[in-house]
Amino acid sequence: MKKLIAIALALVMVLGLVACGGNTTETTAPAGATGTQAEGNKPASDLKVTAFWYEESDVYLSSVRNALNKELDALGVTHDDQFAANDQAKQLDQIKTAIAGGSNLLVVNVVTSGAPDTAKDILDAAGDIPVIFFNRAIGTEGADVPVLTEAKNAAFIGTDAPEAGHIQGKMIGQYLVEHFDEVDLNKDGKISYAMMKGEEANIEAIFRTQYSVEDADKVLTEAGKPALEYFDAKNTDKYQVDQGGAWSATAAKEYMDTNFVTYNEAAGNMIELVICNNDGMAEGVIASLQEKGYNKEGAHVVPVFGVDATDNAKALIADGAMTGTVKQDAEGMAYAIAQAVSGISEGKAAPEALKNALTDERFSIAEDCAAKLYVAYAPYTGE
């Protein structure tokens, strides 16, 4: 009898230890881990990464993609790219198909920027699979924070959206203070500007459109110069938007070609400055200006400013056809994504994996959310 009681007490103690074990913290391996890997870290070679791009022709994102593919190759990661042709429904279908095909880490450049519900749809489809959103904001004014924190295994790598507008505005203001008289073609004491907005609801486009003008005006007025004046008084929006949402050179060129019919030097109301939300649109504007004889060697240069510092934009600046841009670090963004992928391969949840990139001063964690990593912008004038 005493022997039976001892055995029973031993069983109770074992069961008690198992129950307490439920309160310990576990490290969950990325989805798809098998065997002993499920209990620890997952090598990068076991990851199957699918990167989803809002569309294929975006010049800046092409640079990110080329750099990212090299980074993932170096990590020994299986990876592929999917392009949504600017169609959010198509992208969600692509994500579901990739998951069904065994993808266990999703890197997503959303089509519908600034829409937390869209991000939540993607996260719901992903389930326990980690998701790294990048470049295009998934929310606005803090709306992305609960989406990221509630998901627990999602993160965002991008830029602090207002920063590009602030940098661009300061560049424009300083340039105009130094070159006001030569930019003022009709000598009316004011600078007439056009604004090329990439996409109506995109948070980056909204802030770039707003702060580039506000900050330029601040620099101008502090120097005793008049604020900028939009070239078309009937346009109360004070911008021309790419209706296709592609931030395209084609859209910008078509707008400038049309503008020139009414607004030109002969009529005394020439557009004297063009602000563009990205370098692709700046290229289109410059193509139109050059067809009219401007922005060439020996000719008057209408200042054109963009964002991204693409190779084409750098070449235009070097040639004197473009005045300045804001560097959005394509290689840096690719590196940060790859570092997060590496962290996930080590068994870290996506927000924790962001810290792998913090040894580089180009990157910082957002103050409002530990699951957001920012890649710094910088002015670029070719100097």
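You'll find the structure just up there.
Described below are features of the structure shown in this document. The model shown is predicted, which means the values in this text are computed figures rather than measured ones.

A few words now on the nonpolar core. Counting residues in each nonpolar core, the largest one holds 47 residues, and the members touching the most others are Leu228, Leu273, Val274, Val285 and Leu289. Contributing elements (two or more residues each) for this core: helix H6 (161–183), strand S6 (192–197), helix H7 (203–222), helix H8 (249–262), strand S9 (273–276), helix H9 (279–291), strand S10 (304–305) and helix H10 (311–318). It is H6 that contributes the most residues to this core, seven residues altogether. With near-sequence residues (within four places) excluded, Leu228 lies in contact with Leu176, Ile191, Tyr193, Val213, Ala216, Asp217, Leu220, Leu273 and Ile275.

Right, let's get into the packing of aromatic side chains. Here the structure, examined in full by the defined rule, presents eight aromatic pairs. For the pair Tyr193 and Tyr230, a centre-to-centre distance of 5.2 Å together with 80 degrees between the ring planes defines the contact as edge-to-face. Placement of Tyr193 in strand S6 and of Tyr230 in strand S7 (residues 229–230) is noted, with a sequence separation of 37 residues between them. Residue Tyr193 shares its accessibility class with Tyr230, and that shared class is buried. Between Tyr335 and Phe363, the ring centres sit 6.1 Å apart and the planes meet at 15 degrees, which makes this aromatic pair stacked. With Tyr335 in helix H11 (residues 330–345) and Phe363 in strand S12 (residues 363–365), this pair connects stretches of sequence that are 28 residues apart. With relative accessibility at 23%, the residue Tyr335 sits in the partly exposed group. Through a chain of ring-to-ring contacts, the aromatic side chains of Tyr193, Tyr230, Phe231 and Tyr263 assemble into a single cluster. For the cation-ring pair, Arg65 lies above Trp53, with the distance from its terminal atom to the ring centre recorded as 5.0 Å.

Cut-offs and rules
Within each chain, residues carry numbers counting from 1 in the order of the written sequence. Thresholds applied to this predicted model are a pLDDT of at least 70 for local features of residues and 80 or more for the giving and counting of side-chain atom pairs; totals over whole chains, interfaces and linings are not thresholded and use all residues. Hydrogens and water are ignored here; the side-chain numbers use all heavy atoms of the structure. By convention a nonpolar core is built from buried Ala, Val, Leu, Ile, Met, Phe, Trp, Tyr and Cys residues, the set being connected through side-chain atoms within 4.5 Å. Remark: exposure states derive from per-residue accessible area (1.4 Å probe, protein chains only) relative to the maximum for the residue type, with buried under 20%, exposed over 50%, and partly exposed in between. A run of DSSP states H or I qualifies as a helix once it reaches four residues; a run of E qualifies as a strand once it reaches two. Both are numbered from the N-terminal end. Whether two residues are in contact is decided by their heavy atoms: any pair within 4.5 Å suffices. Pairing of aromatic side chains requires ring centres within 6.5 Å, counting the rings of Phe and Tyr and the six-membered ring of Trp. Pairs whose planes differ by under 30 degrees are stacked, by over 60 edge-to-face, and all others tilted. Whether a charge sits over a ring comes down to the Lys NZ or Arg CZ being within 6 Å of the ring centre and within 35 degrees of the ring normal.

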